[in-house]
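So the chains spell out like this:
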Amino acid sequence: MRIEFVPVDTQAGATAALAVLAHEGAALSPEARAANEATGGALARAIAGGRFTGAKGQTLDIVAPNGLEAARVVLVGVDGSGAVEPEAVELAAASAFQAVKTSGVVELVLKLGADAETAARAAFGARLAAYRFDKYRTTEKAEKKPSVQVVKIAAADPVKAQKAYEPLAALADAIVFSRDLVSEPANILHPEEFAARAKGLESLGLEVEILGEAEMAKLGMGSLLGVGQGSVRESQLVIMKWMGAADKSAQPIAFVGKGVCFDTGGISIKPADGMEDMKWDMGGAAAVAGVMHALAGRKARVNAIGVLGLVENMPDGNAQRPGDVVTSMSGQTIEVINTDAEGRLVLADALWYTQERFKPQFMIDLATLTGAIIISLGHDYAGLFSNNDGLSEKLLAAGKAERESLWRLPLPAAYEKQIESPIADMKNIGGRPAGSITAGLFLQKFVNGVPWAHLDIASVAWKKPSADPTVPDGAAGFGVRLLNRLVADAYEG
């Protein structure tokens, strides 16, 4: 789908839909009033004959209105009665796209406000709404395929609007990259292929280093390597560097991602029902790769490190057994009680490596870590665990601003008793009570006092269905917007 910025007097043609706004109480925007007058009051009559109120995200589709060449007019609700905030415009543009994407129209003309920032956010919303992972579809019927090929956004100054859109376009590219990674089947996106795709981001200016199993063994990464030892696919550790600060030697910030490209559970094998979803157990690594893509794409003024721990958890004759004891890079030993509690074993070595090598200002890890977080928070919040109040407050604020909501949970020291082992320094699982919390406590043992936050995104990495029109069902790319905002608001020089 193509995005274009056009003058405000651009008309929607015979194969196009025109989208305009309506406020609370179905009060029409100036652009909607103009369309209503051109159609002899068709919009007002359609409102009177139905239940459209102008509520946020509500749409009313009017087909072939007399007086306009456009094939249809879409009214989109935005609440309120005054100026429309950029976020509301983003959601309205996405809602308009969702309303007509398979209608048969090939163009969507958005008249949602003429200033450059508003137009740019409209383009961003439409771009995210248009995401669809369809590379393996070969026999899909035409009527099920999106028909919209171009979205035209009316702007008082199209050149200025295009300029305002550039950093948002870079962010959209990064979100799409992350969603594509999560959507790929595991027979395609194994650890080596994931690492290769991360390496491909060097075209944006990133530095990318890849460690294989031999290099990790020399570093003593027994915790991470134990997870992947049952797979024919070699485990990988990917280090991504963006040195965008004026002072290239300035202390970096760091993001660490769990990348279990497929998780059978290992010898502690999962039930067959739903196991296919475990292709997205690398959602944390996809988010870290996505935010590094975004920072490089928009040339962020920050030094940032992204570390991806990439493995495949399989149950062959060489697989790790329940009861095994592994030695982590930190020197701490871990009794593996359940091989399906593998993500924390990957992150243990990835976190230690990151803080030892790069001495970052902070570390944030992202992981589809526990099913327990879904029980705790449902599918609209990710779990936040941290040893630092300041970092937590910044994350919560960024999440609220980007509609990627977090909820902070505690890390009570008393619960560490649940992960005590009779034969090693710790065990990798603490039982059903407070399962997400004990996982966080386990990870905290590998951060060595560095300001740190753990985002358990198992609840939000894959949306079915989503109430947000910018997030189609499937891979959400959760975390890319959140961390990009965190950097932009708090850490760029």
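Structure: above.
Below you will find a few notes about this structure. Remember, predicted model here, so these are calculated numbers, not experimental data.

### Thoughts on the overall build of the protein
What the protein contains, in helices and strands, is 14 helices and 20 strands. Rg of the C-alpha trace for the protein: 24 Å, near the compact-globule value of 23 Å for 493 residues, within the 12% margin. Here the C-alpha coordinates of the protein stretch approximately 80 × 50 × 40 Å along the principal axes. Looking at the protein residue by residue over its 493 residues, the buried ones come to 57%. Taking the contacts inside the protein whose residues are at least 6 apart along the sequence as the reference set, 78% of them involve residues at least 24 apart.

### Some details on the sheet that holds strand β13 (residues 333–335)
With mixed pairing, the three strands of this open sheet are ordered in space as β12-β13-β17. Of all strands in the sheet, those bounded by a partner on one side alone are β12 (325–327) and β17 (426–427). With three bridges connecting them, β12 and β13 associate as antiparallel partners. In the sheet register, V325 faces β13, and the bridge partner there is E335.

### So, the nonpolar core
In terms of nonpolar packing, the biggest core is built from 56 residues, with F194, M240, F255, M292, L295, L308 and I364 touching the most fellow members. Ignoring anything within four residues of it in the chain, the contact list for F194 reads L181, L189, C261, M282, A285, A286, A289, L308 and L310. Within the second largest apolar cluster, 47 residues are counted, among which are L211, V311, L345 and A458.

### Let's talk about the pattern of salt bridges
Across all of its chains, the model carries 34 salt bridges by this definition. One salt bridge connects R137 with E140, and the closest N-O pair in it is separated by 3.6 Å. One salt bridge in this structure joins R298 and E492, with 2.7 Å as the shortest N-O distance. Taken as a pair, R298 in the loop between α9 (283–297) and β11 (303–313) and E492 in the segment after α14 (480–490) lie far apart in primary sequence, 194 residues in all. One network of salt bridges, in which partners are shared, links E87, E90, R121, E402, R403, D468, R481, R485 and D489.

### Some details on the packing of aromatic side chains
Here the structure, examined in full by the defined rule, presents eight aromatic pairs. Plain terms: the ring middles of F442 and F446 are 5.3 Å apart, the flat faces sit at 45° to each other, and that makes the pair tilted. In this pair, the class of F442 matches that of F446, namely buried. Three or more aromatic residues link up through ring pairs in this structure, and these residues are F255, F362 and Y491.

### Some remarks on the pairing of strand β9 (residues 236–243)
For β9, the buried fraction is high: seven of the eight residues fall into the buried class. Two elements, strand β8 (residues 207–211) and β9, share five bridges in a ladder whose sense is antiparallel. In the sheet register, V208 faces β9, and the bridge partner there is M240. Pairing between β9 and β11: eight bridges, direction antiparallel. Among the inter-strand pairings, W242 is bridged to a residue of β11, identified as A304.

### Considerations on the side chain of S330
As for its placement among the helices and strands, S330 is situated in the loop between β12 and β13. Side chain to side chain, S330 and S328 meet in a polar contact 2.7 Å long. Only 3.0 Å separates the side chain of S330 from the side chain of Q332, close enough to count as a polar contact.

### As for the packing of helix α12 (residues 389–402) against α14
Two numbers describe how α12 lies on α14: the axes approach to 8 Å, and their chain directions differ by 120°. By the angle between their directions, the pair α12 and α14 is classed as oblique. Considering only the axes of α12 and α14, their crossing is right-handed. Of α14, the residues touching α12 (which contributes K394, L395, A398, G399, A401 and E402) are R481, L482, L483, R485, L486 and A490. Across the contact of α12 with α14, the residue classes break down as seven nonpolar, one polar and four charged.

### A closer look at the sheet that holds strand β16 (residues 406–408)
Taking strand neighbours across the sheet as the criterion, the eight strands line up as β8-β9-β11-β10-β14-β18-β15-β16 in an open arrangement whose pairing is mixed. The sheet is open, and its two borders are formed by β8 and β16, each paired with just one other strand. For this sheet, the mean inter-axis angle between neighbouring strands, taken without regard to orientation, is 20°. Each of β14 (363–367), β15 (382–386) and β18 (452–456) touches helix α13 (residues 435–444); the most contacted strand, β18, lies at about 145° to it.

### Observations concerning the packing of α9 against α14
Axis separation between α9 and α14 bottoms out at 9 Å; the angle between their running directions is 45°. Between α9 and α14, the crossing angle belongs to the class labelled oblique. As for how α9 packs across α14, the hand of that crossing is right-handed. Contacts from A287, G290, V291, A294 and L295 of α9 reach α14 at V480, L483, N484 and V487. Within the contact of α9 with α14, the residues separate by chemical class into seven nonpolar, two polar and no charged.

### Brief notes about unusual backbone geometry
The omega angle of the peptide bond from K464 to P465 is -15°, so this bond is cis rather than trans. Mapped onto the elements of the fold, P465 is located in the loop between β19 (462–463) and β20 (474–475). Its identity as a non-glycine residue notwithstanding, A26 has a phi of 65°, on the positive side. On the secondary structure map, A26 appears in the loop between β2 (16–23) and β3 (27–28).

The rules behind the values
Residues numbered from 1 in each chain as written. Predicted model: local features only at pLDDT ≥ 70, side-chain atom pairs only at ≥ 80, totals over all residues. Heavy atoms only, no water. Helix = DSSP H or I, 4+ residues; strand = E, 2+ residues; numbered from the N terminus. Rg over C-alpha atoms; globule rule 2.2 N^0.38 Å. Buried < 20%, exposed > 50% of the residue type's maximum accessible area, 1.4 Å probe, protein only. Contact = heavy atoms within 4.5 Å. Pairing = 2+ DSSP bridges. Core = buried A, V, L, I, M, F, W, Y, C linked by side-chain atoms within 4.5 Å. Salt bridge = Lys/Arg side-chain N within 4 Å of Asp/Glu carboxyl O. Phe/Tyr/Trp six-rings, centres within 6.5 Å; stacked < 30°, edge-to-face > 60°. Polar contact = N/O pair within 3.5 Å; in protein donor to acceptor, adjacent residues only side chain to side chain. Axes fitted to C-alpha atoms, helices over the stretch in contact; angles between N-to-C directions. Parallel < 35°, antiparallel > 145°, perpendicular 65-115°, else oblique. Left-handed = near helix turned anticlockwise from the far one by under 90°. Nonpolar A, V, L, I, M, F, W, Y, C, P; charged D, E, K, R; others polar.

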